[in-house]
Amino acid sequence: MAILDQFRLDGRVALVTGAGRGLGEAIAVAFAESGADVAIMSRTASELQRLAASIEALGRRAYVLQCDVTDAAAVTSAIAGLPRLDVLVNNAGSNFPEPFIDVSLEHLDAILSLNVRAAFVAAQQATRKMLSHPERAKLGGSIIHMSSQMGHVGAPNRTVYCMTKHALEGLTKAMAVELAPQNIRVNAIGPTYVETPLTVPLLANPEFRRWALDRIPLGRTGLPNEVASAALFLASPAASLITGASLVVDGGWTAQ
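Remember, it's a predicted structure, so these values are computed and weren't measured experimentally. (Residues numbered from 1 in each chain as written. Predicted model: local features only at pLDDT ≥ 70, side-chain atom pairs only at ≥ 80, totals over all residues. Heavy atoms only, no water.)

A look at the sheet that holds strand S5 (residues 141-146)
Link 1 in the chain: Ordered by their spatial adjacency, 7 strands build an open sheet running S3-S2-S1-S4-S5-S6-S7, and the pairing between neighbours is parallel. With one partner strand each, in any of the chains shown, strand S3 (62-66) and strand S7 (246-249) form the two edges of the open sheet. With direction set aside, neighbouring strand axes in the sheet form an average angle of 15°.
Link 2 in the chain: Taken together, the 4 bridges between strand S4 (residues 87-90) and S5 define a ladder with parallel strand orientation. Residue pairing across strands places Val87 opposite Ser142, the latter belonging to S5.
Link 3 in the chain: Across the sheet, helix H2 (residues 45-57) touches strand S2 (37-42) and S3, and the angle it forms with S3 is around 170°.
Link 4 in the chain: Packed on one face of the sheet, helix H4 (residues 105-131) meets S4, S5 and strand S6 (184-191) and runs near 180° to S4. (Pairing = 2+ DSSP bridges. Helix = DSSP H or I, 4+ residues; strand = E, 2+ residues; numbered from the N terminus. Axes fitted to C-alpha atoms, helices over the stretch in contact; angles between N-to-C directions. Contact = heavy atoms within 4.5 Å.)

See the structure below:
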């Protein structure tokens, strides 16, 4: 296979959670551009329909899965209904930046439920779906957890978020070791601050933006396509020997 052809996903079905906008949307489009049919999961119908139209305009099939990823029964049913599954990007997640001593049990439970429990359930159900294919060991599979640079370091006002992303890094390694005999690779991506709807309110604060940029050696925030490119690489045959790894897309934040 030619080098550039190894980055193709022709014939594969990929699932992206939190796909309605931001990183999820960019990843879903990148996968479709590379030949995959894409299952897109989110709570918001209008965002999913818009994204599905973009995927279909590229000549690929879009599977619209409207559900809340914290609803384990709904996620299980949605994944079971797919014709097959080769790639999962566990992208759904959120954050409530606040001082450690002010974190409420409500916020704690909400972020743990979304960033850890829902990610675990989606990965478990996706793995079961992948293993249902009789030729899985030959075809291989790829699971990508959307971690963060905060899965490698600490930061003020982000104790819960850091905790959940460190948990995903551990889950990545454990899954990678356990699923390697089935030829399912498991990796993580650790972005820095990327210009998405989730980060726009934070980065609009001049003081916070200055704090963030001072910690990024490349001196700028990221773009969704830069993270999507990393996801495409890890999902593709080009990364066939990579598992249990965390690819930081952080402009050098964690190198210091």
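Structural notes on the packing of helix H1 (residues 22-33) against helix H9 (residues 224-235)
The packing of two helices is summarised by the inter-axis angle and the distance between the axes.
Link 1 in the chain: Relative to each other, H1 and H9 sit at 50°, their axes nearing to 8 Å. Classified by the interaxial angle, the pair formed by H1 and H9 is oblique. The hand of the H1/H9 crossing is right-handed. Counted together, Gly22, Leu23, Ala26, Ile27, Ala30 and Phe31 of H1 and Pro224, Asn225, Val227, Ala228, Ala231, Leu232 and Ala235 of H9 form the full contact between these two elements. (Parallel < 35°, antiparallel > 145°, perpendicular 65-115°, else oblique. Left-handed = near helix turned anticlockwise from the far one by under 90°.)

Concerning the pairing of S4
Link 1 in the chain: Burial of S4 is two-sided: the residues Val87 and Val89 facing one way and the residues Leu88 and Asn90 facing the other way are all buried.
Link 2 in the chain: Here strand S1 (residues 13-17) pairs with S4 via 3 bridges, running parallel. Looking at S4, one finds that Leu15 is bridged to Leu88. (Buried < 20%, exposed > 50% of the residue type's maximum accessible area, 1.4 Å probe, protein only.)

So, the nonpolar core
Link 1 in the chain: In terms of nonpolar packing, the biggest core is built from 33 residues, with Val16, Ile27, Phe31, Val38, Ile40, Ile55 and Ile189 touching the most fellow members.
Link 2 in the chain: Grouped together as the second largest cluster of nonpolar side chains are 30 residues, Leu82, Ala118, Ala122 and Leu168 included. (Core = buried A, V, L, I, M, F, W, Y, C linked by side-chain atoms within 4.5 Å.)

Regarding the pattern of salt bridges
Link 1 in the chain: Going through the model one piece at a time under the given rule, you end up with 8 salt bridges.
Link 2 in the chain: A salt bridge links Arg21 to Glu47, with the shortest nitrogen-to-oxygen separation between them at 3.9 Å. One end of the pair, Arg21, is in the loop between S1 and H1; the other, Glu47, is in helix H2, and 26 residues separate them in sequence.
Link 3 in the chain: The class of Arg21 is partly exposed, set by a relative accessible area of 48%. (Salt bridge = Lys/Arg side-chain N within 4 Å of Asp/Glu carboxyl O.)

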